[in-house]
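Listed here are the chains, written in short residue letters.
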Amino acid sequence: MSAALLLAVVLAGPLDAAGIGRAVAAHRGRPVVLTLWATWCEPCVKEFPALAALARERKDVAFLSVSIDEPDDRKALEAFVAERRPPFPVYTRTPGPDQAFIDGVDREWSGVVPATLVYDREGRRVALLQGEHTRADIEKALARAKAERGAGS
Amino acid sequence: MRLPRLALVTSVGLAAAAPAIGAVAIGEKLRPFKLDDATGKTVDLGGLQGRKAVVLMFIATQCPVSNSYNERMAALSREYGAKGVAFVGINSNRQESVEEIAGHAAEHGFTFPILKDVGNVQADHFGAQVTPEIYVYDPAWVLRYHGRIDDDRSGANVKSRDLRNALDAVLAGQAVPVAETKAFGCTIKRVGR
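Residues numbered from 1 in each chain as written. Chains lettered and ligands numbered in written order. Predicted model: local features only at pLDDT ≥ 70, side-chain atom pairs only at ≥ 80, totals over all residues. Heavy atoms only, no water.

Residues and elements named next belong to chain A. In the segment running from Gly13 into Pro14, the intervening peptide bond is cis, with an omega of 5 degrees. Cis geometry marks the peptide bond from Val113 to Pro114; its omega dihedral reads 0 degrees. Mapped onto the secondary structure, Pro114 falls in the loop between strand S5 (112–113) and strand S6 (115–119). The residue Arg85 is not glycine, and still its phi comes out positive at about 45 degrees. Mapping Arg85 onto the fold places it in the loop between helix H4 (74–84) and strand S4 (90–93). (Helix = DSSP H or I, 4+ residues; strand = E, 2+ residues; numbered from the N terminus.)

Moving on: helix H3 (residues 70–81) of chain B. Residues and elements named next belong to chain B. Helix length check: H3, at twelve residues, gives a terminal C-alpha distance of 16 Å against a target of 16 Å (1.5 Å per residue), a fit within 8%. Of all the residues in H3, the buried ones are Asn70, Arg72, Met73, Ala74, Leu76, Ser77 and Tyr80. Summarising the contacts, the buried residues of H3 are in contact with strand S3 (53–58), helix H2 (64–68), strand S4 (85–91), helix H4 (98–107) and helix H6 (162–171). (Expected span 1.5 Å × (residues − 1). Buried < 20%, exposed > 50% of the residue type's maximum accessible area, 1.4 Å probe, protein only. Contact = heavy atoms within 4.5 Å.)

Across chain A, pLDDT averages 89, with 90% of residues at or above 70. Below a pLDDT of 50 lies the segment residues 1–9 of chain A, which in the model reaches three contacts outside its immediate sequence neighbourhood of four places, other chains included. (pLDDT = per-residue confidence, 0-100.)

Counting from both sides, the interface comprises 28 residues of chain A and, opposite them, 23 residues of chain B. When chain A packs against chain B, the two sides together hide about 2000 Å² of surface, and 58% of this comes from carbon and sulfur. If you sort the residues of chain A by the area they bury against chain B, Trp40, Gln99 and Glu132 of chain A come out on top, with a joint share of 31%. Our enumeration of links across chain A and chain B arrives at two salt bridges. Here Glu132 of chain A and Arg94 of chain B are joined by a salt bridge, their closest N and O atoms 3.9 Å apart. Broken down by secondary-structure element, the contributors of at least two residues to the side of chain A that touches chain B are helix H3 (42–57), helix H5 (98–105), S5 and helix H6 (135–152) of chain A. In terms of residue count, H5 of chain A provides more of the side of chain A that touches chain B than any other element does, five residues in total. (Buried area = accessible area lost by both parts, 1.4 Å probe. Salt bridge = Lys/Arg side-chain N within 4 Å of Asp/Glu carboxyl O.)

Put into structure tokens, the structure is as follows:
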């Protein structure tokens, strides 16, 4: 298999905001961690290894990530993903107006990246972590997702 | 194992900083402040009273999104500066030094002052999250617009010139057509508290 083909298979998508909603809903029954990020975003790149490590450990959680890199940055994105080999799919974003995309993903999201959204098993968004956050913050949100499920059942 | 220790420190910092981050709302009055600009000169926003509008722009030297707007910010400040509008840049990123800010401003022909927001005090007061992020005040110092410069980072396919539209409306004494917008930008790198 050529290098180009290898690179071509590491990215999924593209997804628009509705597609992201469907991707999250497809994991109903498990908590979901959705991260929106970009290769040009320094804190996104910084938190990527911790997110990947958490995803490798937490098999009970579905991890999804969506890159908001522009089509012009696709080569940088492919190289990044090929090198890091994250244990979760990396979707690209369907080109279009930023605001419709941001609001479509979550009205409370300011558009800052990284943004990490945590959903409970029923697909309810229980946390929106905007900007730099740690693995511990995501774990806390996951604990909340579990607790809220317990409270509702 | 360095990561858990780093994570703990950062987590504590964020947890403590979170309650300090506010947000100004459309219609709210500007709370004037003083900060040193990148050349060390103190700029008092109170000195801008009487201008036809005041544009506060949270910007960065290293952010590719903010940098893609350098030419547009310089051009807008020249064009609207001639119409009595004051432009003020604010850099709240902890890792960007005043020397770097001054060099960046000279390189890109910025004629507006760029204030160094040490400790991201103003970013926290305004609730600014990204660069670039814009706040437009009218002559009565009421916030009339908050958000992006326009709707296309590349500049090639701009369909909505939001900052320009807001300024034209304020200068004409009319309602701003779209008072709040969102766009992608780089996170403002805050200090831990």
